[in-house]
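# Structural overview
Okay, here's what each chain looks like letter by letter:
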Amino acid sequence: MQTDSSFTFVLFGGTGDLSMRKILPALFEAHRAGGMLADSGKIVAVARHATNRGEYIQWVNEHVKPHVSKNGVDEAAWASFLERIEFVNIDLGKAEDFVHLRDAIQDLPGIRVFYLATGPSLFVPICHALASVGLNVNSRIVLEKPLGYDLKSSNAINDAVGEIFAEEQIYRIDHYLGKEPVQNLLALRFGNALFEPLWRREWVESIQITIAEELGVEARGDFYDNTGALRDMVQNHLLQLLSIVAMEPPHSMDSDSVRDEKLRVLRALKPIDPRDIGKVAVRGQYHSGVIRGTAVPAYATEPGVKPESATETFVALKVEIENWRWAGVPFFLRTGKRLADRVAEIVVNFRAVPHSALGASALRAGANRLVIRLQPNETIRLYCLAKQPGEGMNLASVHLDLAFDQFFREGQMEAYQRLLLDVINGRLALFVRRDEQEAAWRWVEPILNEWKASNKPPKPYASGTWGPAASSAMLAQHGTCWLEEEN
Ligand code: BG6
């Protein structure tokens, strides 16, 4: 893909963790690949821990280079990448300093992208300061999550940013939407005639969506302890995945067609009745345990975490969608830190055949199931029933596998690379629109409120397990179990 869209990419928070691990490596990959970034495109860093370009470049060499290209750095490409980088020394707290930023970039060609890889408390002041020097025109603004803490605070940010930038200029990142396998989910659903007719309540018994992590809170204890898994993962990543799994076929892949359909799903989520919360929501917190042979500490002893913390590091939910396609089909969502494995997957459990002409063994052998593994090792596995060889009609569950790396050996793109290219090229489809974000907050908020009001601590689980027993018990009530408990 050859591009001539010139750009000036202004990176606020240029020495932050996200810039170091994700944003700058993604821009480097796009640069190295060739043809994806216009030659004239510039990256202008605004950062706290550097005072001039020389210092910043030194920081990039020391901190970003180790995160690029797993297979070794292409030194020539790295050197030419550094030439794209400029640095502006401004104090983000001083609106008058933004004059220096304007002077530095006003003659650069192309669209301006302002990437706010800063704490959310700086979003509004930065937007105001940009507007005060006229930088809110011919520009796009990228906002990282968390965008607010609840519906009210997220509305406050969106209102304030919305006074300065039009919705079409605002790119709210949910990096799950940039992942190749999530894109592939759209291809699976809407590029094949095979699945869509069955993708509904008549044929689907239940759906599971899991994002499990082995990692704990790492160095983010402080942030995480005020956030918790529901805000960190469910309000955004899990509900976005759910809306892609459940949405109606969009008319096209343009930004608003896809986002309109996702929004319809989010608005159709059955509100959770606070009286039912114990039946449909489980929250847990990890205690010490062992992961891959290594002892790991309890959440409450992690740096930055209050010892008496009641923050959840695990959530399991039963969600229902109130529309014709999905009425009565439970969607089980689950996410947690320090679980037994790192895996993100979607499991579609189909109904058993309505009548088994093949006898009891056919029923015992189960039903069809489609497992879409998003990470690691992107695969799609379709479980079917087959006759076991030999006498009699005994059935067993067997599977067809589609391992994407066997078909496509090259061209995989990291989520941030895809999303940053989309911002530069003005493609909004993979960014969260304000109304989607509001609908998601509106749905999760009663759960947050109820948990807070109830004053009950989260259920403990040992690190290296699949979370509290109550999570399995919730599925058992519906006659099912999480996929990994199947055998
Ligand atoms: C982030 C969360 O949005 O997603 C993190 O803030 C989490 O807590 C991360 O670890 C998971 O992303 P991925 O791409 O590693 O699955």
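Refer to the structure above for everything that follows.
The following paragraphs examine the structure supplied in this document. (Residues numbered from 1 in each chain as written. Predicted model: local features only at pLDDT ≥ 70, side-chain atom pairs only at ≥ 80, totals over all residues. Heavy atoms only, no water.)

## Description of the site of the ligand
Using the following cut-off: We call a residue near a given molecule or strand whenever any one of its heavy atoms falls within 4 Å of it. Definition of a polar contact: a pair of N or O atoms within 3.5 Å, with one able to donate and the other able to accept a hydrogen when the atoms are protein atoms, and with sequence-neighbouring residues admitted only if both atoms are side-chain atoms. The accessible surface values rely on the Shrake-Rupley method and a 1.4 Å probe; as for residues, cover is taken only from the protein chains in view.
In the region of the ligand, the neighbouring residues are Lys145, His175, Tyr176, Lys179, Glu213, Arg220, Asp232, Met233, His237, Lys337, Arg342 and Gln375. Arg220 places a polar side-chain atom, nitrogen or oxygen, 2.4 Å from an oxygen atom of the ligand. At a separation of 2.9 Å, an oxygen atom of the ligand approaches a polar side-chain atom of Lys337. Computed on the free molecule, the ligand has an accessible area of 400 Å², of which 79% lies beneath the protein chains in the complex.

## Here's the deal with unusual backbone geometry
The condition that has to hold: The secondary structure listing takes helices from DSSP runs of H or I that are at least 4 residues long and strands from runs of E that are at least 2 residues long, numbered from the N terminus.
The peptide bond linking Lys145 to Pro146 adopts the cis configuration, its omega dihedral lying at 5°. As for its placement among the helices and strands, Pro146 is situated in the loop between strand E5 (139–143) and helix H6 (151–162). The omega torsion across Gln375 and Pro376 is -10°, close enough to zero to call that bond cis. Relative to the elements of secondary structure, Pro376 occurs in the loop between strand E13 (369–375) and strand E14 (379–387).

## As for the packing of helix H9 (residues 228–246) against helix H15 (residues 434–454)
To keep it simple, the criterion reads: Comment: axis = line fitted to C-alpha atoms, over the contacting stretch for helices; angle = value between 0 and 180 degrees taken between N-to-C directions. Orientation categories follow fixed angle ranges, with anything under 35 degrees roughly parallel, anything over 145 roughly antiparallel, 65 to 115 roughly perpendicular, and all other angles oblique. By the definition used in this description, the sense in which the near helix is turned from the far one sets the handedness, with an anticlockwise turn below a right angle giving left-handed and a clockwise turn giving right-handed. The contact criterion used is simple: two residues touch if any of their non-hydrogen atoms lie within 4.5 Å. Residues are grouped as follows: Ala, Val, Leu, Ile, Met, Phe, Trp, Tyr, Cys and Pro are nonpolar; Asp, Glu, Lys and Arg are charged; every other residue, Gly included, is polar.
Remark: H9 packs on H15, axes separated minimally by 10 Å, with the N-to-C direction vectors making an angle of 140°. As far as their axial angle goes, H15 and H9 are oblique. Every pair of crossing elements has a handedness; the one defined by H9 and H15 is right-handed. Where H9 abuts H15, its residues Leu230, Arg231, Val234, Gln235, Leu239 and Gln240 lie against Glu436, Gln437, Ala440, Trp441, Trp443, Val444, Ile447, Leu448 and Trp451. For the contact of H9 with H15, the class distribution of residues is ten nonpolar, three polar and two charged.

## Focus on the sheet that holds E5
Condition: Paired strands are those between which DSSP finds at least two bridges.
Ordered in space as E3-E2-E1-E4-E5-E6, the six strands form an open sheet in which the pairing is parallel. Across the chains shown, the open sheet's two edge strands, defined by having one partner strand only, are strand E3 (85–88) and strand E6 (170–172). Across the sheet, the mean angle separating the axes of adjacent strands is 20° when strand polarity is ignored. Bridge count between strand E1 (residues 7–12) and strand E2 (residues 42–46): five bridges; the pairing is parallel. When the bridges of E2 are listed, Phe12 appears paired with Val46. Helix H2 (residues 53–64) contacts E1, E2 and E3 of the sheet and is inclined by roughly 125° relative to E3.

## A few points about the packing of aromatic side chains
What counts, and what does not: Each aromatic pair joins two rings of Phe, Tyr and Trp (for Trp, the six-membered one) with centres within 6.5 Å, and gets the label stacked for planes under 30 degrees apart, edge-to-face for over 60, and tilted for any other angle. Between buried and exposed lies partly exposed: a residue is buried under 20% and exposed over 50% of the maximum accessible area for its type, with that area taken using a 1.4 Å probe on protein chains only.
According to the stated counting rule, one finds 14 aromatic pairs in the structure shown. Seen in terms of ring centroids, Phe12 and Phe114 are 6.3 Å apart; in terms of plane orientation they differ by 40°. Their pairing is tilted. With Phe12 in strand E1 and Phe114 in strand E4 (residues 111–116), this pair connects stretches of sequence that are 102 residues apart. Given a relative accessible area of 0%, Phe12 falls into the buried group. Residue class for Phe114 comes out buried when judged on its relative accessible area of 0%.

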